[in-house]
Amino acid sequence: MNQNLTAEISRSMQDFRFPSYGEIPDVGLFLEQVAKYVSGFLEPLGGTISITGSMISNYVKKGLIANPVKKQYYREQIADIFFIATAKSVLSLENIQLLLQIQRSRYGTKDAYDYFCAEFQSVLCCEGGLSDSMNVPQQDTADEKIMLRNTIITTVHKIYLDKYFELLRRKE
């Protein structure tokens with residue numbers, strides 16, 4: 001890779017982070033508010049990682065996230081939306097649904113989401129050259145965590161490749 005482009009990508013990603021589960025609003029947000037909130041966090045990841053109100057409605061119809069309560073979405077649903085919006089660039093909706101079910105049943109939404117955020121940040125920093133290694137607990141070889149880690153690694157690689165190609169096109 002061209003060092004200048006790699007450095008530019010890394011700089012654009014160095015401040016990215018998902019909100020922790022506790023930081024996600026649990027006051028009930030309407031569909032467009034959720035889309036705007038999630039999109040604000042996802043914007044640094046680039047165009048392939050995005051969310052719209054119609055996408056969220058589709059995920060509800062397909063059963064990936066729970067129905068809104070009086071047209072409002074709460075913390076658990078928003079955490080799921082962050083994961084879906086991120087993973088959909090590399091997994092089918094059917095596989096995302098299965099992975100969500102596995103993670104929820106094994107760890108619960110809060111723990112699964114916070115683990116996802118920590119893993120994503122670790123992989124992003126490592127792949128972007130911001131740290132020398134990923135924080136990998138050696139004893140943790142649970143299939144669920146291996147599946148999630150591989151999803152995250154693949155997603156981060158796709159984000160970096162998409163950003164690299166975007167920068168190449170701009171420089172042409």
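Above this note sits the structure.
Residues numbered from 1 in each chain as written. Predicted model: local features only at pLDDT ≥ 70, side-chain atom pairs only at ≥ 80, totals over all residues. Heavy atoms only, no water.

Looking now at the overall build of the protein. A tally of regular secondary structure across the protein gives seven helices and two strands. Seen in sequence order, the protein has helices and strands lined up from the N terminus as α-β-α-α-β-α-α-α-α. Whereas a compact globule of 172 residues would reach a radius of gyration of roughly 16 Å, the protein reaches 16 Å, a difference of no more than 12%. In the protein, which comprises 172 residues, the share counted as buried stands at 42%. Counted over contacts in the protein with a minimum sequence separation of 6, partners at least 24 positions apart contribute 75%. Within the structure as shown, the protein displays about 9,200 Å² of accessible surface, and the carbon and sulfur contribution to it stands at 52%. Each charge class in the protein was averaged separately, 19 positive and 20 negative side chains, and the resulting centres sit 6 Å apart. (Helix = DSSP H or I, 4+ residues; strand = E, 2+ residues; numbered from the N terminus. Rg over C-alpha atoms; globule rule 2.2 N^0.38 Å. Buried < 20%, exposed > 50% of the residue type's maximum accessible area, 1.4 Å probe, protein only. Contact = heavy atoms within 4.5 Å. Areas by Shrake-Rupley, 256 points an atom, 1.4 Å probe, with all protein chains shown as cover. Lys, Arg positive; Asp, Glu negative; His and termini not counted. Charge placed at Lys NZ, Arg CZ, Asp CG, Glu CD.)

Counted according to the given criterion, the structure contains seven salt bridges. Among the salt bridges present, the one from Lys 158 reaches Asp 162, with a minimum N-O distance of 2.8 Å. Remark: Asp 162 and Lys 158 occur in helix α7 (residues 143-171); sequence separation between them is four residues, near one turn of the helix. (Salt bridge = Lys/Arg side-chain N within 4 Å of Asp/Glu carboxyl O.)

Let us now look at a nonpolar patch on the surface. The grouping of Leu 161, Phe 165 and Leu 168 at the surface amounts to a nonpolar patch, some 250 Å² of accessible area in total. Its place among the elements puts Leu 168 in helix α7. (Patch = residues over 30% accessible without salt bridge, like charges linked within 9 Å, V, L, I, M, F, W, Y side chains within 5 Å.)

A few words on the nonpolar core. Among the nonpolar cores identified, the biggest contains 47 residues, and Phe 18, Leu 42, Tyr 113, Phe 116 and Phe 120 are the most heavily contacted of them. Mapped onto this core, the elements with two or more residues apiece are α1 (3-13), α2 (31-42), α3 (53-61), α4 (75-87), α5 (93-107), α6 (109-127) and α7. Once residues lying within four places of it in the same chain are set aside, the contact partners of Phe 116 are Phe 18, Phe 83, Thr 86, Leu 148 and Ile 152. (Core = buried A, V, L, I, M, F, W, Y, C linked by side-chain atoms within 4.5 Å.)

Before going further, it helps to spend a moment on the environment of Ile 9. Among the structural elements, Ile 9 can be located in helix α1. Its relative accessible area of 1% is what places Ile 9 among the buried residues. Separated by 25 residues in the primary sequence, Ile 9 and Val 34 place their C-alpha atoms 27 Å from one another. In this structure, Ile 9 is in contact with Tyr 160, Lys 163, Tyr 164 and Leu 167, ignoring residues within four places of it in sequence.

This next bit is on unusual backbone geometry. Of note, the phi angle at Lys 70 is positive, near 55°, even though the residue is not glycine. Inspection of the secondary structure puts Lys 70 in the loop between α3 and β2 (72-73). Here Lys 70 falls in the exposed class, since its relative accessible area comes to 74%. With a phi close to 65°, Lys 71 is a non-glycine residue in the positive phi region. Among the structural elements, Lys 71 can be located in the loop between α3 and β2.

This paragraph deals with the packing of aromatic side chains. As enumerated under the stated definition, the model contains 13 aromatic pairs in all. On the numbers, 5.9 Å between centres and 55° between planes, the contact of Phe 116 with Phe 120 is tilted. You can see Phe 116 and its partner Phe 120 sitting in helix α6, four residues apart, about one turn around the helix. Note on accessibility: Phe 116 and Phe 120 belong to one class, buried. Its end group placed over the ring of Tyr 115, Lys 145 keeps NZ or CZ at 4.3 Å from the ring centre. (Phe/Tyr/Trp six-rings, centres within 6.5 Å; stacked < 30°, edge-to-face > 60°. Lys NZ or Arg CZ within 6 Å of the ring centre and 35° of its normal.)

Honestly, it's all geometry; don't read function into it.
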